[in-house]
Amino acid sequence: MRPETISEAQAARQLQRTTVLTAIFSVAFVSWAMALNGYGGPYEQGHVAIFVAITVIACIFCLTHLPAAAFLVMGIVMSVFLFCCVASGNPVFLAIAVNTTFVTAVMVRVLSNNYRAFVQLVASQAEASRLSDENARLAHTDGLTGLPNRRYFFQRLDELIQDSTANNTRFALAIFDLDRFKPINDTYGHNVGDRVLAETGRRLAAFASADVSVTRLGGDEFGVLVRSPGPPDEIVAFCDGICSALQKPVLIGDIRVVTGCSGGLAKFPRAGREANELFDRADYALYHSKEHRRGVSTLFSQEHEDAIRAERAVEAALSTADLVAEMEMHYQPILDTATGEIALVEGLARWTSPTLGRVPPNRFIAAAERCGMIHTMTLLLLRKAPADCARLPPAMGLSFNLSAHDLASPETMVAILAAVRTCGLNPRRLTMELTETALMRDFDQAKASINALHALGVKIALDDFGTGYSSLGYVHRLPLDKIKIDRSFMTDIDTDRGCSLVSTILDLCQNLGLDGIAEGVETVDQFEAAHRHGCRYIQGYIVGKPMPIADLLQTYCSASPTKQWPLMLAMAG
Ligand code: C2E
Ligand code: CA
Ligand code: CA
């Protein structure tokens, strides 16, 4: 019998049956042997004696793991055999009886020892398998939240893919990520951060069911797998429900912590048939939520598929591009309203690909960041821009954009610092524009990079201010010089709310001794409003669009400049 094919109860029944059969066979065997003893001469009787003794020993040996049966054989057969030997009165048979008794006694001892060792072996195997189950459970559990972990998530995902492929069913994969979690960790410490995560885990666990597996993927990221998810509206509503549950305030002692939560969602098989593909697409949808619709979840759609294809095309073109030849810098003037002069220009990268034509900087910068080329690109631009700007009047500065990736990489920063030192432009004329994203990614690394730049005399501007999160928390902890108010604020500066936002930011700049620069100023009304609120520096189409250096020199720096700022300032009052 193969042990793996029978249950424990069946095995126990089989063993019992063996014991009963042993008793019956023993009686039959010894009766037969004793009956044979009545025939033949001493040789034949001697043979019967050997036959009985050897058979009993062999049976005991074979029944080592079933001692009850072994002892039955021994008890039944040996008692009758010994009785007959003694009863015969023959000294040879007596000697055989004594001999066999000694041998069987030793056999009993050996059998007991072996059986004890066997029982111990079985027990230790059971313990080992319990421990390995426990290990497997721990290996699949996240210590902080008690939820299943990333490993479990991907194992379950593989199972679902197999199941759904075999049965032609659907399932959904969702990823949730807390917004503003990092600043909470930075501000209140890891202890509070951990408790926020634990509470998030508890809330998420409430959504688990036979069809819904919830897991912590790591950090502030959670994964959910939903079997038979229903129509798109339903599953998106379900995920939105998770987002709202996770962004309810968390109370930790006196601290009331509010995090946001965004989700991304991909459905099998529409968004992909492989684990990585599905995960990447849910992640893409999550990124989309974070960029455009925080606080809710986004379902990966055909539109996203097209966007990914377009991004891949940019990445492909970029990887074969001759960047030195294809890239150039345009410069946008920034006006100092106090002097009526152009105080500095912002360098903005332009790329004309032979295959794709003009690609907007937002797209190629993001693509370069994704495929690890931003380092090369930043350094290339950091050679071009100062070379161009050497032609500007000495009072005019250059503002240069750094990517979040540049700031986070110590090697890139070393190269950037070296480029600044050798670029030929006085570092004091240079401003580096950084976004909050760059600071949030790794605050300590960003701070070290900023300090190193500052030490060279380079000024630091916080770009797109107001579009990120936790801005204020960072502003006073870094040696910043300027804040660039994002252009989204300019569009509604004529509303009460927009107006008070801009004036609040400008007050903040004044209190911290920073220069405020209004970006994206397009109309005279916006110009006036910004100026009225005390904004000294103005950048936007009303001052000038980004243009090649030659045009900039021609328009703003020639003997007879074509723009007349005093006129504009007079208009602004
Ligand atoms: P940004 O740093 O916020 O740059 C300002 C963007 O606003 C520029 O877009 C500029 O053309 C545009 N702009 C300026 N004035 C106005 C206005 O009055 N109205 C409107 N609607 N837009 C205005 P651009 O050149 O397309 O650059 C987009 C983004 O690409 C930049 O945003 C920056 O984040 C990134 N970028 C551009 N060049 C570089 C670069 O050399 N390095 C890095 N790392 N990023 C760059
Ligand atoms: Ca900028
Ligand atoms: Ca900006």
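Keep in mind that this is a model prediction, so the values were computed, not measured.

Caption draft 1: Region of interest: the nonpolar core. One finds W351 and M432 to be the most contacted residues of the largest nonpolar core, which totals 81 residues. With eight residues, the single largest contributor to this core is helix α13 (residues 374-389). Those residues in contact with M432 that sit more than four places away from it in its chain are L382, F400, L402, I416, V420, L453, V458, K459, I460 and A461. Ranked by size, the runner-up nonpolar core spans 27 residues in total, among them F181, I184, V214 and V226.

Caption draft 2: The arrangement of the domain arrangement of the protein chain in detail. Splitting the protein chain by domain gives domain 1 (3-137), domain 2 (150-300) and domain 3 (326-348 + 374-572). Using C-alpha coordinates to define each centre, domain 1 is positioned 64 Å away from domain 2.

Caption draft 3: How the structure looks around unusual backbone geometry. Cis geometry marks the peptide bond from F268 to P269, where omega comes out at 0°. Counting through the fold element by element, P269 comes out in the loop between β6 (260-268) and α9 (275-292). Positive phi, normally seen in glycine, also occurs at N168, with a value near 60°. Within the element layout of this structure, N168 appears in the loop between α5 (150-167) and β1 (171-179). Its identity is not glycine, yet S228 carries a phi of approximately 45°, on the positive side.

Caption draft 4: Just the site of ligand 1, in detail. Ligand 1 sits among 22 residues. The nearest are Q332, N362, R487, E522 and Y541. Between ligand 1 and A349 there is a distance of 3.0 Å, counted from a nitrogen atom to a backbone nitrogen or oxygen. At 3.0 Å from an oxygen atom of ligand 1 is found a side-chain nitrogen or oxygen belonging to D463. Counting residues per element, the ones that place at least two in the shell around ligand 1 are β9 (341-353), α12 (361-370) and β13 (459-465). Of all the elements, β9 adds the most residues to the shell around ligand 1, at four residues.

Caption draft 5: Summary view of the coordination of the calcium ion (ligand 2). For the calcium ion (ligand 2), the protein coordination sphere consists of E346 (OE), N401 (OD1), E433 (OE) and D463 (OD), at 2.1 to 2.3 Å. Here the donor residues of the calcium ion (ligand 2) share one chain and are spaced in sequence as E-x54-N-x31-E-x29-D. A spacing of 3.9 Å is found between the calcium ion (ligand 2) and the calcium ion (ligand 3), which share D463 as a donor. Of the two residues, E346 sits in strand β9 while N401 sits in strand β11 (residues 397-401), which places them 55 residues apart along the sequence. According to the relative accessible area criterion, E346 is buried, its value standing at 4%. With relative accessibility at 27%, the residue N401 sits in the partly exposed group.

Caption draft 6: Structural detail: the packing of helix α15 (residues 410-422) against helix α17 (residues 443-455). α17 packs onto α15 with a crossing angle of 10° between their chain directions and a minimal axis gap of 11 Å. By the criterion of interaxial angle, the relationship of α15 to α17 is roughly parallel. For the pair α15 and α17, contact is made by P410, M413, I416 and L417 and by Q445, S449, A452 and L453, respectively.

Conventions used here
Residues numbered from 1 in each chain as written. Chains lettered and ligands numbered in written order. Predicted model: local features only at pLDDT ≥ 70, side-chain atom pairs only at ≥ 80, totals over all residues. Heavy atoms only, no water. Core = buried A, V, L, I, M, F, W, Y, C linked by side-chain atoms within 4.5 Å. Buried < 20%, exposed > 50% of the residue type's maximum accessible area, 1.4 Å probe, protein only. Helix = DSSP H or I, 4+ residues; strand = E, 2+ residues; numbered from the N terminus. Contact = heavy atoms within 4.5 Å. Domains from an automatic or database assignment. Near = heavy atom within 4 Å. Polar contact = N/O pair within 3.5 Å; in protein donor to acceptor, adjacent residues only side chain to side chain. Donors = N, O, S within 2.8 Å, 3.2 Å for Na, K, Ca; no water. Axes fitted to C-alpha atoms, helices over the stretch in contact; angles between N-to-C directions. Parallel < 35°, antiparallel > 145°, perpendicular 65-115°, else oblique.

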